[in-house]
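Tertiary structure, described
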Amino acid sequence: MHSLVLCFSIGLAITLVTVGAAAALSVLRDQALVADLDRHAGLPISSAFSSSPWTSMSVTMAGQDDPPREPDALMLQAKTAIRNSEPIMKSVIANTESVALAPKAPPSGWRLLMTRERWFEVARILFTGLMALLYWQQLIPIQALWVAVAIGLYPLVKTGAVDLVKEHKIGTEIFITIATVVALIGGESVAGAVLMVIILIAEFIADLNMERARASIKDLIGSVPQVALMRDAGGERKVPIENLRAGDVVLVRAGEKIPVDGTVVGGAASVNEASITGESIPKDKSNGAGVFAGTFVESGALDIETEKVGADTTFARIISLVENAEAEQAPVQKLADKVASWLIPVVLIFLVAVYLYTRDVRMIVTLLIFTSPAELGLATPLVIIAAIARAARSGILVKGGVYLESLAKVDVLVFDKTGTLTANKPEVVGVEMQDGTLSEADLISLAAAADRRSAHPLAKAVVDYAARIKIDVPEPEQYEQLQARGVKATVSGRTVLVGNASLLREAGVPLSDAIEKGGQTPVHVAVDGKFAGVILIADTLRLGAREALAKLRATGIKRMVMVTGDNEATARTIAKELGVDEVRANLMPQDKVAAIAELQKQGHRVAMVGDGINDAPALARADVGIAMGGGGTQAALEAADIALMKDDLARIVSARAIARRAYRTIQENIFVGVGVVHVLGITAALMGWIGPIQAAILHLGPDVLVFLNSAKLLRVRIQDV
């Protein structure tokens, strides 16, 4: 009995320490998040007041070694301080008014997690533990203990029954219920009650920390202001965000977050976009620049014309995507659930056999604890949530755990060329005439007129070139965009074709051989059915592309393939510079899909990286679709499984590093948390070395190990991240 009391005391001590550690870890993480947000968002509060005249005055007056000042000198210094601090005080007053208009902020950190339901759960655990202690002291009858156990078991039985009926799954809750009931029937009432209390605490800690990991996702991204300063004909006034409409102009000053997606129509400022792109270096914004909700104005002021508000903003879409990502289970997570489902019946049969052989109820209760599949359920979800949060902080949106695991296992990378491997800033580098009846200026004028309504980067390069050399560009009378071919337009009564060689051939234009020059993209121009000339356009490689591809190859990528609608000579020149293994050129969107399907049939796991609307089908077909977010189209972002919020190929390296680390962490959780600990525990139970209470205490070990090992993904240093 004394050993029972000792074990019970040790168990309570361990659980109290564990709860305290969880609380402390939450507080420390909150502090770290604040520091992290300060670092990424550049919050100026501390720096503003540290340099204010109030601070300098207080420091000066508090100095012990300073010589005494004359009253007039002190009064003059005070007046100067007050006068110099007026801008700061006005800012404080403005912020106070903004807070007053905003709805009351919800509690954060530990207080946010400790809901009424969780406090009720704490009370349930304390009540059951107290009743077990009173019964052991023979202060209450056994019937009172049974009532306490029933109250404690209620949430376990309820959850277990729901899982059994709806999902046909026998979970940890059923296991613990059976173990407790068996202990009570077998005369181990105190052991059964203590066992249940310890398991309830373990489940409570696991649930609390899982919710804390989910909450950290929003914390890492930040928040959007709830009010905005709107400017209209009547002047400036503060309005709630939900009252803003497209076209409204809002004013954002230094030290404030931008409340809407929109375009700058006045002012200039330095904006920190870390919450969107993960890049902490501020960007200068002026007239015509696009800005995102949730980003931070470090200096200057902006008038912003509203384009998107609330749930339609990029920021809101990021939060929605990340929050919904947990629903997409990784294959390893599904495997863990399947293993747990068939493992439980096997374990029950094993326990019946042990009881028939030993007739030892204490051993059966002990084995029930160690054969519980709880850690299988914890091994993957917490890792996935932590990894998604870590990726979001780096400007990488992962839409589900399944894509993390797939990215970790990818062995072939397929890249689009324009806008992905290249900087998507093409320029005209030459013109070759084929029709002597036209001048070069006429050719450029007609081609630019045909291209002026096109959004294609090559078309924009032609139009920009015409503007740069000051050639008049008329408006086309008719215009037609031909996907993956070019454009057809009527300009000043003349039929103009601008695009690749296939466009001209399909229109019946005599064309012996397509003009191809390495590293330059030829834009063929035909006028009134006659080949008129070629405009040569060159694009520069994306900064850091060569280094990023080399790092990806070092992670185990076996093949790199470029797919493009451009000509083969240009594609091969770029591929050679970057070290790409294979080139597939002159492809339509459906051809890119077929190329990926072919690689998959060869047994490869394929990731596709693209940015344009013509890449969307291929992104959807690949095992993992990765969209370049900053300059990518909406269609590409929606079709992709992973979105990079900054056009930086190094983010793919980071995403793969996080994915591989997450997959390795899951394997560690299953091997150590489930394999080693449970095998040793079952062995000790069969040898009779430990009883139910010791087993319950030891059962906390894997739970805590799994949690700590998973949560470290939020903070641990990962190479290339």
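Structural data are supplied above this passage.
Quick summary incoming for the structure in this document. All of these numbers come straight from a predicted model, not from anything done at the bench. (Residues numbered from 1 in each chain as written. Predicted model: local features only at pLDDT ≥ 70, side-chain atom pairs only at ≥ 80, totals over all residues. Heavy atoms only, no water.)

Let us now look at the side chain of T295. In this structure, T295 sits in the loop between β6 (290-291) and β7 (296-308). A distance of 2.6 Å separates a polar atom in the side chain of T295 from the backbone oxygen of F292. (Helix = DSSP H or I, 4+ residues; strand = E, 2+ residues; numbered from the N terminus. Polar contact = N/O pair within 3.5 Å; in protein donor to acceptor, adjacent residues only side chain to side chain.)

What follows deals with the nonpolar core. Nonpolar side chains tend to gather and get buried jointly when the protein is soluble and globular. In this structure, F415, I626, I642 and L649 are the most contacted members of the largest nonpolar core, which totals 51 residues. Excluding residues within four positions of it along the chain, I626 makes contact with L407, A607, M608, V609, G610, L619, A640, I642, L644 and I652. Ranked by size, the runner-up nonpolar core spans 41 residues in total, among them I176, L351, V354 and A684. (Core = buried A, V, L, I, M, F, W, Y, C linked by side-chain atoms within 4.5 Å. Buried < 20%, exposed > 50% of the residue type's maximum accessible area, 1.4 Å probe, protein only. Contact = heavy atoms within 4.5 Å.)

Our focus in this paragraph is the sheet that holds strand β19 (residues 624-628). Within the open sheet, the seven strands sit side by side as β8-β20-β19-β18-β9-β16-β17. Their pairing is mixed. One side of each edge strand has no neighbouring strand; the edge strands of this open sheet are β8 (396-398) and β17 (582-584). Adjacent strand axes in the sheet meet at a mean angle of 20° when their direction is disregarded. In terms of strand pairing, strand β16 (residues 559-563) meets β17 through three bridges, oriented parallel. Looking at β17, one finds that V563 is bridged to R584. (Pairing = 2+ DSSP bridges. Axes fitted to C-alpha atoms, helices over the stretch in contact; angles between N-to-C directions.)

Across the sheet, six strands lie side by side as β10-β15-β14-β13-β12-β11; this open sheet has antiparallel pairing. Both outer strands of the open sheet, β10 (427-433) and β11 (478-482), are each paired with one neighbouring strand and no more. Averaged over neighbouring strand pairs, the angle between their axes works out to 20° when direction is ignored. Of the strand pairs in this sheet, strand β13 (residues 494-499) and strand β14 (residues 521-527) are connected by four bridges, and their pairing is antiparallel. From the neighbouring strand, L497 faces β14, where its bridge partner is A526.

Within the secondary structure layout, T366 lies in helix α14 (residues 361-370). Since its relative accessible area comes to 1%, T366 is described here as buried. A distance of 2.8 Å separates a polar side-chain atom of T366 from the backbone oxygen of R362.

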